[in-house]
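# Examination of the molecular architecture
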Amino acid sequence: MAMDFFEHQAHARRLTLRLVLLFSLAVVCIVATVCLVLGLTLGGVLTGGKTAGMARPLANLWLYTVVAPATLSVIGLGSLYKTIELARGGEAVALLLGGRLLQPQSGGLAEQRLLNVVEEMAIASGLPVPPVYVMKDERGINAFAAGFRPDQAVIGVTRGCLEHLNRDELQGVIAHEFSHILNGDMRLNIRLIGVLHGILVIALVGYYVLRAVGRGGSGDKKGATFAIAAAALALMGVGYVGVFFGRLIKSAISRQREFLADASAVQFTRNPDGIAGALRKIGGLQAGSRVVDEHAEEASHMFFGNGVRNPLFTWLATHPSLTERIRRIDPAWDGRFPRTAQLPPLADDEAPRRRPAAREAAVEVVPEELAAGLAVDSAAELDELRRKAKRRNVQVAEAPEKVGQPEAQEVSYAHVLVPDYPPLVRQAADEPHGARAVILAILLEDRPEIRDRQQRLLAERLDAATLRELALLLPQVDALAVDARLPLAELCVRALKQLSVRQYKEYRAVLQAVVQADDQLSRFEYLLWTIVVRTLDIRFGLEREPTVKYRRLDAVAPAAITLLDMLAAVGHDSPVEADAALRAGLTKLGLQADARVPRGCSLRDLDLALRSLAQAVPAVKRTVVEACAACTGADGRATSAEAELLRAACAVLGCPMPPLLPTAGQVQT
């Protein structure tokens, strides 16, 4: 049976351990080789010529005590340097490869089509819409996904993708990259770039030593100069040994992940001709999937197709052959690669229709400074939720299996979820200055006395341009349906990531003051805060991502019970029905139905529970998600309110869940 999302995450962790082992073996081999080479080339020089031949390395054991630590230091510093350089995650990788950030509504029709496809895949996957970078100088057909976290990912595509692929083929390529995001491959891929750079630095050391030697050395020093030059050349040779080990490590880790991503792309789109067509076009294009950037070798394992020259031995390739990949997708393929001709520009009637992204709200962590001093009335919140939520039945029975596994029906349903925002609002959401005003417009209270207080506060803190933008947008945002506002806030996050750290800190303080203006934290404010702020806090280095702390279910059982209690209360007006739902969830957790449950949990209780659960291993998270699905589906139906909270909890746990589709013909009001 195919692995699910949670098994993919665990497998990615095991691959990280394999990376450490292979890297360690490579370092041992390189250190030993460097010691032998320098012993043979410099041993006689450093001992005044008293030894010769193979006796030199044995007679100069003291040399190894210097060379080995020095070599280890060079490798370690090289890896550390590259790791620090890539600390910004996907954005750093995109810039390293010459990518240019694609701004919404600012490119041509082909670029707009690309943004549409990425947006649809993000909605269907339950992920924030990632920024998109285009490598304008790359004629080959290629793409990559990069980032340390799914909600911090970026997508990069070459110019060749835009010029040669039709919409179905482009969707297949993007679906392949989203598989890497969902399967936990991105973090491992960035780590590979960092650690492997260390074993490639040896060649650089040899190169610069050789350059230095070439500028001097004469007379009596000619013998020493020759020995040093020989040692430098040998180090460059050892560097190529590093390239060999780098290719070997990347091949051992990435090849099977490419097959998995291809299969996932077919599952996402239910259109094997899309990704197979893209692979066939690579085979028929003169530039193929080649990436000419000087850093292509470092990132070769991240690309959709082989971005560098094919190695002599196929077992050193980072990607399976095009033929093998196509045959797995299309067994009836005739083996021919038709010549790929450049597509004509899109006609006006082929222009993709711009539609704003939408996704269920994500509940995240309430920071201490926001929660402190704010009164949260759990009963009032639940009443508000029951009153305002449309009680639409949704499918939850297969929710755990759907985590990280979107299918074609979710991709199609993404169009249904997208509301038609006013053009002025959508345009503002796509650029940083306007996005700030949109978020504030969403956040302002309906109650006149509270709104007046918030607007006076904003008049003191905002510049005149932002106040004018806010005044222009506010009537249109007020006219939006309540359930259309949170998805709009999610769209704004992409633009807000372009703020500077100083701008973001100032804006964050304004948001916090607006939220606290009425001395209460509502559920809507809680969701809006976490959708916008927590993602940006991680982006700007103000908050760290959760680390694994709990490996057993019993360590997080109290937190899981709190989550189940909130789910049961949200979805049922009757205490009897709520108790039955809670018991169903407890049973799935393996707990007794009469387990002690803290009834009447507040949003703060929920927040603390989710903080703990986010630190569990994937296997524990899976059990918790299964218990949540059992709780919400205990009565044979699940309302949109329950689905919202379920998907929100999954978002906090780092388990992106696709949209939960409505049950046909069953809608309650």
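All figures in this text were calculated on a predicted structure; none of them were measured in a lab.

## Focus: the overall build of the chain
On a plain count of helices and strands, the chain comes out with 27 helices and six strands. Counting only residues that meet the buried cut, the chain has 57% of its 669 residues in that class. Restricting to contacts in the chain with at least 6 residues of sequence separation, those with at least 24 account for 81%. A total accessible area of about 28,500 Å² is found for the chain, and carbon and sulfur atoms account for 57% of it.

## Some remarks on the side chain of aspartate 185
Position of aspartate 185 relative to the elements: it lies in helix 8 (residues 185–214). Sequence-distant contacts of aspartate 185, defined by excluding residues within four places in its chain, comprise His180 and Arg257.

## Topic: the sheet that holds strand 2 (residues 132–135)
One open sheet holds the four strands; their spatial order is 1-2-4-3, and the pairing between them is mixed. Since the sheet does not close on itself, it has two edges, and those belong to strand 1 (100–101) and strand 3 (143–146), each with one partner. Where strand 3 lies against strand 4 (residues 154–158), four bridges are found, and the strand directions are antiparallel. What sits directly across from alanine 146, in strand 4, is valine 154.

## Considering a nonpolar patch on the surface
On the surface, a cluster of nonpolar side chains totalling about 320 Å² of accessible area is made up of Leu77, Leu80 and Ile84. Here leucine 77 is to be found in helix 3 (residues 61–85).

## Points about unusual backbone geometry
In this model, arginine 270 sits at a positive phi of 55°, which is unusual for a non-glycine residue. Summarising the element assignment, arginine 270 is placed in the loop between helix 9 (222–269) and helix 10 (272–284).

## Some details on the packing of aromatic side chains
Two aromatic rings, taken as a pair, are described by how far apart their centres are and by the angle between their planes. Following the criterion strictly, the structure yields three aromatic pairs and no others. Relative to phenylalanine 540, the ring of tyrosine 504 has its centre 4.7 Å away and its plane inclined at 15°; by these criteria the two rings are stacked. Here the residue tyrosine 504 occupies a position in helix 21 (residues 501–515), and phenylalanine 540 occupies one in the loop between helix 22 (523–539) and helix 23 (553–571), the gap between them amounting to 36 residues. Between arginine 325 and the ring centre of phenylalanine 304, over which it is positioned, the NZ or CZ distance is 5.0 Å. Looking at arginine 539, its charged tip hangs above the ring of phenylalanine 540, at a distance of 5.1 Å from the centre.

## Here's the deal with the side chain of aspartate 262
Position of aspartate 262 among the secondary structure elements: in helix 9. Excluding anything up to four places from it in sequence, aspartate 262 contacts His176, Ile275, Phe304, Arg325 and Ile329.

## Examining the pattern of salt bridges
Using the criterion set out here, one finds 24 salt bridges in the structure. Measuring nitrogen to oxygen at the nearest pair gives 3.1 Å for the salt bridge that ties glutamate 298 to lysine 82. Of the two residues, glutamate 298 is situated in the loop between helix 10 and helix 11 (322–329) and lysine 82 in helix 3; the sequence distance between them amounts to 216 residues. Taking the relative accessible area as the measure of exposure, lysine 82 reaches 3% and is therefore buried. As a salt-bridge pair, arginine 149 and aspartate 151 come within 2.7 Å of each other at their nearest N and O atoms. The buried category is assigned to arginine 149, whose relative accessible area is 12%. For aspartate 151, a relative accessible area of 13% corresponds to the buried category. In this structure, a network of salt bridges that share partners links the residues Glu119, Arg426, Asp430 and Arg494.

## Overview of the state of the cysteines
The full count for this structure, using the stated rule, is zero disulfides. Between cysteine 650, a free cysteine, and cysteine 655, which holds the nearest cysteine sulfur, the sulfur-to-sulfur gap is 5.9 Å. On the accessibility criterion, cysteine 650 (2% relative accessible area) is buried.

## Notes on the packing of helix 18 (residues 448–461) against helix 21
Helix packing for two helices is described by the angle between their axes and how far apart those axes are. Where helix 18 meets helix 21, the axes come as close as 10 Å, and the angle between the chain directions of the two elements is 160°. With respect to helix 21, the axis of helix 18 lies roughly antiparallel. Here helix 18 and helix 21 pass one another in a crossing that is right-handed. Where helix 18 abuts helix 21, its residues Gln454, Leu457, Leu458 and Arg461 lie against Ala509, Val510, Ala513 and Val514. Looking at side-chain class alone, the contact of helix 18 with helix 21 contains six nonpolar, one polar and one charged residues.

## Observations regarding the confidence of the model for the chain
Averaged over the chain, the pLDDT score is 77; the fraction of residues at 70 or greater is 77%. Within the chain, strand 4 carries the highest mean pLDDT (95), whereas helix 13 (residues 378–388) carries the lowest (44).

## Here we look at helix 26 (residues 618–632)
The terminal C-alpha atoms of helix 26, which comprises 15 residues, lie 21 Å apart, in line with the 21 Å expected from a rise of 1.5 Å per residue. Extensive coverage of helix 26 is indicated by the burial of 11 of its 15 residues.

## Some thoughts on the environment of isoleucine 538
By the element assignment, isoleucine 538 lies in helix 22. Residue classification places isoleucine 538 among the buried positions, given a relative accessible area of 15%. When the C-alpha positions of isoleucine 538 and arginine 149 are compared, they lie 9.8 Å apart, and in sequence the two are 389 residues distant. The contact partners of isoleucine 538, leaving out residues within four places of it in the chain, are Arg149, Gln152 and Glu543.

## Let's talk about the packing of helix 24 (residues 575–589) against helix 26
Direction vectors running N to C along helix 24 and helix 26 enclose 155°, while the axes themselves pass 7 Å from each other. It follows from the interaxial angle that helix 24 and helix 26 lie roughly antiparallel. Judged by the sense of rotation from one axis to the other, the crossing of helix 24 with helix 26 is right-handed. Together, Ala581, Leu582, Ala584, Gly585, Lys588 and Leu589 of helix 24 and Thr623, Val624, Glu626, Ala627, Ala630 and Cys631 of helix 26 make up the contact between the two elements.

## Some points on helix 18
The end-to-end C-alpha distance of helix 18 is 20 Å, a good match for the 20 Å that 14 residues give at a rise of 1.5 Å each. Turning to helix 18, its buried residues are Ile450, Arg451, Gln454, Leu457 and Leu458. An end-on view of helix 18 places all buried positions within 125° of arc, on one side of the element. Turned more than 90 degrees away from the buried face of helix 18, the exposed residues are Pro448, Arg456 and Glu460. On its buried face, helix 18 is in contact with helix 17 (432–443), helix 19 (464–478) and helix 21.

What counts, and at which threshold
Residues numbered from 1 in each chain as written. Predicted model: local features only at pLDDT ≥ 70, side-chain atom pairs only at ≥ 80, totals over all residues. Heavy atoms only, no water. Helix = DSSP H or I, 4+ residues; strand = E, 2+ residues; numbered from the N terminus. Buried < 20%, exposed > 50% of the residue type's maximum accessible area, 1.4 Å probe, protein only. Contact = heavy atoms within 4.5 Å. Areas by Shrake-Rupley, 256 points an atom, 1.4 Å probe, with all protein chains shown as cover. Pairing = 2+ DSSP bridges. Patch = residues over 30% accessible without salt bridge, like charges linked within 9 Å, V, L, I, M, F, W, Y side chains within 5 Å. Salt bridge = Lys/Arg side-chain N within 4 Å of Asp/Glu carboxyl O. Phe/Tyr/Trp six-rings, centres within 6.5 Å; stacked < 30°, edge-to-face > 60°. Lys NZ or Arg CZ within 6 Å of the ring centre and 35° of its normal. Disulfide = S-S within 2.5 Å. Axes fitted to C-alpha atoms, helices over the stretch in contact; angles between N-to-C directions. Parallel < 35°, antiparallel > 145°, perpendicular 65-115°, else oblique. Left-handed = near helix turned anticlockwise from the far one by under 90°. Nonpolar A, V, L, I, M, F, W, Y, C, P; charged D, E, K, R; others polar. pLDDT = per-residue confidence, 0-100. Expected span 1.5 Å × (residues − 1). Arc of directions from axis to C-beta.

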